[in-house]
Amino acid sequence: MTHSVSEVTPRPSTASLYEAHVLGNYARAPITLVRGQGCRAWDDEGRRYLDFSSGVAVSSLGHCHPHWVAAVRAQAGELVHTSNLYRNPNQGELARRLVGYAGPGRVFFCNSGAEADEMMIKLSRLHGVAKSGGEEGRCFKVITARNGFHGRMFGGMSATAQEKVQKGFRPLVPGFVTAELNDLDSFAALMDEGTSAVLVESIQGESGIRPCTTEFLQGLRRLCDERGVLLMVDEVQCGLGRTGAFYAFEAAGIRPDAIAMAKGLGGGFPIGAVWIAEKFADLFTPGTHGSTFGGTPLACAAALAVLDVIEREGLLEKVSVQGREWLADLEKLVGEFPAQLSAVRGRGYLVGLELTSDPAPYVEALRERGLLVVPAGGNVIRVLPPLIATREELAESVGLLRAVFASRA
Ligand SMILES: *Cc1c(COP(=O)(O)O)cnc(C)c1O
């Protein structure tokens, strides 16, 4: 009889495996999660958490939603991967559904937010070349907003005007310049013949839930139209229903020229996408971009299941209405604990609590009381419930937050 190594050797603790073998690029919380159901997750010591981290805005349907599980299981037994050398039915259908939300255009599939952002940056280069009558290197400036976040790859990192993201990795990709969020004049001042695109998050996530105002997004749309500059919106974190609208920019009544999506799209299965307006979609021709894994039958089945549930369960409406009530309750905490909590910002289930000090001890205290949340820049705690979170679960989070603020008052 043969035994596999794992049968004869007991596996070391997860903590020691991480300590010995996993790259140290994260400051991880000292818990090991092993199971999830809905808004709940459990660790390996049997402790239960209200998971309002949603894996950083990814688990839009919570953990193991039955419709999502059934769709992924069925697809895993049918066809998982084919590459983009061939069509697959799910990719076509998912593109159709996304175009239904975004407007006339075409969709490219990849595997993450960073990849979606890289693809949009390549779009800006192709647009710049087209604007320059086919000549490269004349029109490639992209104007971004201070404290924006566009992923960790070279293009997106270069577009991310944050020292903590760029430090140690220079030289960066050239062409990115930084203007001030919600200051249209600062964008206009940087715009010239060499400008191909503007790239902004509709609501800045990583830097602490900072929304573009309606006037600002409308102003950018006007400015970009006047100057023949692409308006590219990064909806990787704020899109896919998180704010109660399918895309966060909808609140401003505008339509961008390109939209990057990822995080919540697959409900936990890795998938990213870029929608490009019809007018610019032809800039990509065979061979100009690609992805081996992008848009597999399995990834697209997961994303289709997410869209099914959002639509069937009326989640946009629920997130919008319940999010407003929840925000009002959270705002009361500012009045109760002004020495610790200076502001609450957000829309729908994308909320930031701005503290008067480092959020790390609060994130830890909340975890110990059973609430998982995500730190962000600028002393902000992000609270990102799954889109399926109920009024009761939202109220429970307010109670846990109140208890932690009270214990530290
Ligand atoms: C998370 C995030 C990214 C990067 O996504 P990854 O999937 O981690 O590569 C890009 N842009 C925004 C706005 C994000 O929040």
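Keep in mind the model is a prediction, meaning the values are calculated, not measured.

### Thoughts on the environment of Val-374
Considering the arrangement of structural elements, one finds Val-374 in strand S16 (residues 374-376). Given a relative accessible area of 9%, Val-374 falls into the buried group.

### A word on the UniProt feature "binding site: pyridoxal 5'-phosphate" (unreviewed entry) in the protein chain
As recorded in UniProt, the sites labelled "binding site: pyridoxal 5'-phosphate" (unreviewed entry) are Gly-113, Ala-114, Phe-149, Asp-234, Glu-235, Val-236, Gln-237 and Thr-292. Spanning 180 residues, the annotated positions stay apart in the fold, the maximum distance between their C-alpha atoms being 25.2 Å. By secondary structure assignment, the location of Gly-113 is in helix H6 (residues 113-131). Those residues within four positions of Gly-113 in sequence are excluded, and the remaining contacts are Val-236 and Ala-262. You can see Ala-114 is positioned in helix H6. Beyond its immediate stretch of four places on either side in the chain, Ala-114 contacts Gly-151, Arg-152 and Met-153.

### A word on the domain arrangement of the protein chain
Accessible area lost upon the coming together of the parts serves often as the stated size of an interface. Entries for the protein chain in the domain assignment read domain 1 (35-52 + 314-355 + 363-407) and domain 2 (68-312). Measuring from the centre of the C-alpha atoms in domain 1 to the corresponding centre in domain 2 gives 27 Å. Each partner contributes to the interface: domain 1 provides 23 residues, whereas domain 2 provides 25 residues. The interface formed by domain 1 and domain 2 includes two salt bridges. Between Glu-206 and Arg-382 there is a salt bridge, with its nearest N and O atoms 2.9 Å apart. Between the two partners, domain 1 and domain 2, sit eleven residue pairs in polar contact (both at pLDDT 80 or more).

### Side note on the site of the ligand
Neighbouring the ligand are Ser-112, Gly-113, Ala-114, Asp-117, Phe-149, His-150, Gly-151, Glu-201, Asp-234, Val-236, Gln-237 and Lys-263. The contact in question runs from an oxygen atom of the ligand to an N or O atom on the backbone of Ala-114, over 2.8 Å. In this structure, Gln-237 approaches the ligand through a side-chain N or O atom, which is 2.7 Å from an oxygen atom. Here the ligand has 380 Å² of accessible area as a free molecule, and 80% of this is covered by the chains. The element best represented in the shell around the ligand is H6, accounting for three residues. Residues of the shell around the ligand, tallied by class, amount to three nonpolar, five polar and four charged.

What counts, and at which threshold
Numbers given for residues are sequential positions, taken from 1 along each chain in its written order. Given that the model is predicted, a residue must reach a pLDDT of at least 70 before its local features are reported, and side-chain atom pairs must reach 80 or more before they are shown or counted; all residues, however, enter totals for whole chains, interfaces and linings. With hydrogens and water excluded, all non-hydrogen atoms of the structure serve as input to the side-chain values. Helix and strand definitions follow DSSP, with helices as H or I runs of at least four residues and strands as E runs of at least two, each counted in order from the N terminus. Any residue under 20% of the maximum accessible area for its type is buried, any over 50% is exposed, and the rest in between are partly exposed; the area is computed with a 1.4 Å probe on protein chains only. UniProt positions are given in the numbering used here, feature names are shortened, and annotations may be inferred rather than shown by experiment. Contacts are assigned to residue pairs with any non-hydrogen atoms lying within 4.5 Å of each other. Each domain span listed reflects an automatic or database assignment of domains. Whenever a carboxyl oxygen of Asp or Glu lies within 4 Å of a side-chain nitrogen of Lys or Arg, that contact is scored as a salt bridge. Polar contacts, as used here, are pairs of N or O atoms within 3.5 Å; protein pairs need one atom able to donate a hydrogen and one able to accept it. Residues neighboring in sequence count only if both atoms are side-chain atoms. When we say a residue is near a molecule or strand, we mean one of its heavy atoms is within 4 Å of it. The accessible surface values rely on the Shrake-Rupley method and a 1.4 Å probe; as for residues, cover is taken only from the protein chains in view. Gly counts as polar in this scheme, as do all residues outside two lists: the nonpolar Ala, Val, Leu, Ile, Met, Phe, Trp, Tyr, Cys and Pro, and the charged Asp, Glu, Lys and Arg.

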